[in-house]
Amino acid sequence: MIDQPTASVVVVADAGPLIHLDELDCLDLLNDFKQIMVPDAVWREVQLHRPAALQTSKAILLRSIVPNSSPTIDALTPLYSLHSGEREALILCSAAPLSILFTDDTAARLAAKTLAIPAHGTIGILIRAIRRRLRTKTEILELLSSIPRCTTLHVRPAFLAEVIRDLEQKAKNL
Amino acid sequence: MATLHAEVPQQLWQQAQNMVDRGWVSNLDALVSESLQRYLESHQEAMTEQFIREDVEWGLRGHD
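Described in the following lines is the structure provided in the data block. (Residues numbered from 1 in each chain as written. Chains lettered and ligands numbered in written order. Predicted model: local features only at pLDDT ≥ 70, side-chain atom pairs only at ≥ 80, totals over all residues. Heavy atoms only, no water.)

## So, the interface of chain A and chain B
Contact with chain A, which involves 28 residues of that partner, is made by 23 residues of chain B. For the pair chain A and chain B, the summed buried surface comes to about 2500 Å²; carbon and sulfur atoms form 63% of the total. Looking only at chain A, the three residues that lose the most surface to chain B are Thr106, Arg131 and Phe159 of chain A, adding up to 23% of its buried area. The tally of links between chain A and chain B comes to six salt bridges. Of the charged contacts, one joins Lys113 of chain A and Glu54 of chain B as a salt bridge, the two residues approaching to 3.3 Å between their closest N and O atoms. Our enumeration of links across chain A and chain B arrives at 15 residue pairs in polar contact (both at pLDDT 80 or more). Within the residue set of the side of chain A that touches chain B, elements represented by two or more residues are helix H3 (71-79), strand E4 (99-102), helix H5 (106-114), strand E5 (119-120), helix H6 (122-131) and helix H9 (157-170) of chain A. (Contact = heavy atoms within 4.5 Å. Buried area = accessible area lost by both parts, 1.4 Å probe. Salt bridge = Lys/Arg side-chain N within 4 Å of Asp/Glu carboxyl O. Polar contact = N/O pair within 3.5 Å; in protein donor to acceptor, adjacent residues only side chain to side chain. Helix = DSSP H or I, 4+ residues; strand = E, 2+ residues; numbered from the N terminus.)

As structure tokens, then:
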């Protein structure tokens, strides 16, 4: 039996995973969480680049207005060259005691690490789907292979091949 | 702007001060800022890939 994810966990999404999961037709994987908070700046960014991702009925996306400032995150913003969406996402996360940030941006992940906020990207969300039995291992391996062809997520091809080999090994019994 | 407090080896500090004195950079604040920026840029790909490795582990064995 699969455990339900912790209901009290607040999931905040940056633009990258919303766009990349939609490119892979996998936004339904976010449905495994109670709701996904999308900061207003992120919402506008996705609206500009991939509006279809926001019109989906596959996940509950909650457009969230973010408080104007947070001294800690305002200090980190220039240090990590964070954009407004990433800044707002971190403010939302830091306001919730149990939160996860979904982002594919390295600087945002570094800033999240500084703030002790767990952060994961599109590839992690895809692989999690095996554990949560939302997709088979074969389906996820195919989706990972299709990343360069079907998405705007930039991963060095040799590294992606390494990730796929690693996953095949580690998920042998799944 | 953020304010940093850091301890650095005396020799490294002296080298940095010499760069400022010789006019390579306008002041120590600019030198530290540019150094950080260059470090982050040069390590970006390695960090990105390390995060993806961590994502594989979370994906397979995480609890959320």
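There's plenty left to go through after this.
## Some details on the sheet that holds E4 of chain A
All names here are of chain A. What the five strands build is an open sheet, ordered E3-E2-E1-E4-E5; its pairing is parallel. Strands at the two margins of the open sheet, each flanked by one partner only, are strand E3 (61-64) and E5. Across two bridges, the pairing between E4 and E5 is parallel. For Phe102, the partnering residue across the bridge sits in E5 and is His120. (Pairing = 2+ DSSP bridges.)

## Thoughts on the packing of helix H1 (residues 15-23) of chain A against helix H2 (residues 40-49) of chain A
All names here are of chain A. The N-to-C vectors of H1 and H2 enclose an angle of 35 degrees; their axes lie 9 Å apart at closest approach. As for the relative orientation of H1 and H2, their crossing is right-handed in sense. Here Ala15, Leu18 and Ile19 of H1 lie close against H2, whose contacting residues are Val42, Glu45, Val46 and His49. Classifying every residue of the contact of H1 with H2 gives five nonpolar, one polar and one charged. (Axes fitted to C-alpha atoms, helices over the stretch in contact; angles between N-to-C directions. Left-handed = near helix turned anticlockwise from the far one by under 90°. Nonpolar A, V, L, I, M, F, W, Y, C, P; charged D, E, K, R; others polar.)

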